[in-house]
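Okay, here's what each chain looks like letter by letter:
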Amino acid sequence: MDTSTIVWIVAIALVVIAALVVWGLVARRKRLEAARQEAAGLREKAQSGESYAQSAEERAKELQGKAREAQLHADRLHREAEEATRIAREHRDRVTGDYVSADEIDPDAKKR
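We now turn to the structure provided with this report. (Residues numbered from 1 in each chain as written. Predicted model: local features only at pLDDT ≥ 70, side-chain atom pairs only at ≥ 80, totals over all residues. Heavy atoms only, no water.)

1. Overview of the overall build of the protein
- Per the secondary structure count, the protein includes two helices and zero strands.
- Against the globule reference of 13 Å for 112 residues, the protein gives a C-alpha radius of gyration of 45 Å, more extended than a compact globule.
- When its C-alpha atoms are laid out on the principal axes, the protein stretches across 145 × 35 × 15 Å.
- Buried positions account for 2% of the 112 residues belonging to the protein.
- One way to put it: in the protein the 20 positive side-chain charges average out to a point 8 Å from where the 20 negative ones average out. (Helix = DSSP H or I, 4+ residues; strand = E, 2+ residues; numbered from the N terminus. Rg over C-alpha atoms; globule rule 2.2 N^0.38 Å. Buried < 20%, exposed > 50% of the residue type's maximum accessible area, 1.4 Å probe, protein only. Lys, Arg positive; Asp, Glu negative; His and termini not counted. Charge placed at Lys NZ, Arg CZ, Asp CG, Glu CD.)

2. Section: the pattern of salt bridges
- The final tally for this structure, using the stated rule, is six salt bridges.
- Residue Lys 66 is joined to Glu 62 by a salt bridge in which the shortest nitrogen-to-oxygen separation is 3.5 Å. With Lys 66 and Glu 62 both in helix H1 (residues 3-105) and four residues apart, the pair spans about one turn of that helix.
- The exposure class assigned to Lys 66 is partly exposed, which follows from its relative accessible area of 47%.
- Taking the shortest distance from any N to any O, the salt bridge between Glu 90 and Arg 86 comes out at 2.4 Å. Here Arg 86 and Glu 90 lie together in helix H1, a separation of four residues that amounts to about one turn.
- In this structure Glu 90 comes out as partly exposed when scored by relative accessible area, which is 35%.
- Through salt bridges with shared partners, one network takes in Arg 59, Glu 62 and Lys 66. (Salt bridge = Lys/Arg side-chain N within 4 Å of Asp/Glu carboxyl O.)

Okay, here's the thing in structure tokens:
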């Protein structure tokens, strides 16, 4: 091969390499721009859902407060019910004791 052929091969190789580099840069730029546009779309979508999320969070806090109040009320009623049950048992025990005492005194009850 003579020198001019080598120069032409090198020149063509350089042009091909330069074309590939330019093509790679353009493709990278397009990919980055597409990613930027997708991110912008996602941010817009997130921003539009922000007010709904905020109102849902406020509703959740409100319901949690009501649930705490209801739990306190339920705990108070539970304590009252336990106290009423204790009092009822005491009365039932006294009534049962009265029946037993009556049976012990009653001569007819002893024969049964």
